[in-house]
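Listed below, chain by chain, are the residues.
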Amino acid sequence: MPRPPLDGLIDDLYYLAGEPPYARLTLPPPAVLLIVNLGAPFRIRGGADVEAADYADGCVVTMPTRAWEFGYPPWTRSVGVHFKPWGLAPFLPMPAAELRDRPVTVEHVWGRPAVTELRDRLTTADGPHEMLTLLEAELMRRLCAPSGLGLVRHTSSLIAATGGAVAIGELGAATGVSSTHLAQRFKELVGVTPKRLARTHRFAATVFSINFAEPIDWADLAGGAGYFDQAHFGHEFRAFTGLTPTRYIEVRRRFLREHPGHTLDSWPLPAD
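Cut-offs and rules
Residues numbered from 1 in each chain as written. Predicted model: local features only at pLDDT ≥ 70, side-chain atom pairs only at ≥ 80, totals over all residues. Heavy atoms only, no water. Helix = DSSP H or I, 4+ residues; strand = E, 2+ residues; numbered from the N terminus. Contact = heavy atoms within 4.5 Å. 1 Å grid on protein atoms, 1.4 Å probe; cavity = no way out; pocket = protein on both sides within 12 Å on 5 of 7 lines; lining within 4 Å. Points joined across faces, edges and corners; volume = space filled by probe spheres on them. Nonpolar A, V, L, I, M, F, W, Y, C, P; charged D, E, K, R; others polar. Polar contact = N/O pair within 3.5 Å; in protein donor to acceptor, adjacent residues only side chain to side chain. Pairing = 2+ DSSP bridges. Core = buried A, V, L, I, M, F, W, Y, C linked by side-chain atoms within 4.5 Å. Buried < 20%, exposed > 50% of the residue type's maximum accessible area, 1.4 Å probe, protein only.

Asks: Just give me the short version of the side chain of Thr26, but keep the residues and values in it.
Replies: Turning to its location among the elements, Thr26 is positioned in strand 2 (residues 24-27). Contacts of Thr26, omitting those with residues within four sequence positions, involve Ala67, Trp68, Glu69, Thr241, Trp267, Pro268, Leu269 and Ala271.

Asks: Before we move on, could you go through unusual backbone geometry and cite the residues and values that matter?
Replies: The omega torsion across Pro4 and Pro5 is 0°, close enough to zero to call that bond cis. Tracing the sequence through the fold places Pro5 in the segment before strand 1 (10-18). Residue Pro30 is reached from Pro29 by a cis peptide bond, and omega for that bond is 0°. Here Pro30 shows up in the loop between strand 2 and strand 3 (33-37). Of note in the backbone geometry, Asp101 takes a positive phi value of approximately 60° without being a glycine.

Asks: Report on empty space enclosed by the protein, specifying residues and quantitative values.
Replies: Scanning the entire structure with this criterion turns up 2 cavities of 30 Å³ or more. Of the voids in this model, the largest cavity is the one considered here, and its volume is about 40 Å³. Gly46, Val61, Thr62, Pro64, Trp68, Leu99, Asp101, Arg102 and Pro103 are the residues that line the largest cavity. Roughly 30 Å³ of volume is contained in the second largest cavity. Val32, Thr62, Met63, Pro85, Leu88, Ala89, Leu92, Ala96, Leu189 and Val190 together form the lining of the second largest cavity. Among the residues forming the lining of the second largest cavity, the class breakdown is 9 nonpolar, 1 polar and no charged.

Asks: So what's going on with the environment of Asp101? Which residues, and what values?
Replies: Looking at where Asp101 falls in the secondary structure, it is placed in the loop between strand 8 (76-83) and helix 1 (106-110). The spacing of Asp101 and Gly176 is 75 residues in sequence and 30 Å in space, taken between C-alpha atoms. Beyond its immediate chain neighbours, meaning those up to four positions away, Asp101 contacts Gly46, Pro64, Thr65 and Arg66. At 2.4 Å, the side chain of Asp101 and the side chain of Thr65 are in polar contact.

Asks: Break down the sheet that holds strand 4 (residues 42-45) for me, with residues and values.
Replies: Across the sheet, 5 strands lie side by side as 5-4-7-2-9; this open sheet has antiparallel pairing. Looking along the sheet, the strands with just one partner apiece sit at the ends: strand 5 (53-55) and strand 9 (269-270). Of the strand pairs in this sheet, strand 2 and strand 7 (residues 68-71) are connected by 4 bridges, and their pairing is antiparallel. Within strand 7, the position partnered with Leu25 by the bridge is Phe70.

Asks: Requested: an account of the layout of surface pockets, with residues and values cited.
Replies: Roughly 880 Å³ of volume is contained in the largest pocket. Around the largest pocket sit 35 residues that line it, and Pro30, Leu33, His82, Ser266 and Trp267 are the ones nearest its centre. For the lining of the largest pocket, the secondary structure elements donating two or more residues are strand 1, strand 2, strand 3, strand 8, helix 4 (149-161) and helix 7 (194-208). Here the element with the most residues in the lining of the largest pocket is strand 1; it accounts for 5 residues. The residue inventory of the lining of the largest pocket, partitioned by class, reads 24 nonpolar, 8 polar and 3 charged.

Asks: I'd like a rundown of the nonpolar core, residues and numbers included.
Replies: Residues Val60, Trp110 and Leu139 are the most contacted members of the largest nonpolar core, which totals 44 residues. When residues in this core are grouped by element, the largest group, 4 residues, is from helix 4. In contact with Val60, not counting residues within four places along its chain, are Leu33, Leu34, Leu88, Leu92, Leu99, Pro103, Val104, Thr105, Val106 and Val109. Formed by 18 residues, the second largest nonpolar core is a distinct cluster that contains Ile35, Phe42, Tyr55 and Trp68.

Put into structure tokens, the structure is as follows:
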């Protein structure tokens, strides 16, 4: 866990090394990430209609609106950051919306000399703890305070607290700004509008509530989450995961069965 003030922007910093559970994993939203790669390049495909590309130095991902595919080398090593929805903005030189559904290299964001130096220091560090301390220090050094961050953080927290069930039209009034101004700030700092972020939170909260060891009543689950009907829920499932609900359960149970207790078994899905 990062120290203040980074803890208001970041969920955690992590070190990952070893053989991945699958050669390819699908990551549904939400997934706001910065990864500094220290091993062989990995491949990312930002959507079903996008060509996969190699990422040698790592990648930066703002709040996505659809699932994206992560392809690991046979053995991987990296450090990374799981950001809160608004947390990446203070480290970006461009509006977050410019990177929506378009993962870019760390070099694209911070420049080649800085990233080369950081990777060199991380590679020669004395173990994972020192590596994460170095990454934390780099983030502290680059930290800035973009305009509107407090507003977006507060509003995003309201959305998260309700699992995305908050009335979006009331958010502007509650924060004392127009809905147009709020949406613009969200696109600049999160990459998506408040409405889109609420959709993501609602879907994630619904899926995380599923008990995969028991039969699932899809109609009851959809109704309890506030979806208009089961068809609406199914449409959201395909939009966020690329899978039907039934196929998603099959894939998730496969992960649980083949890799019980794996550190990655929370949100990624096998893609192969």
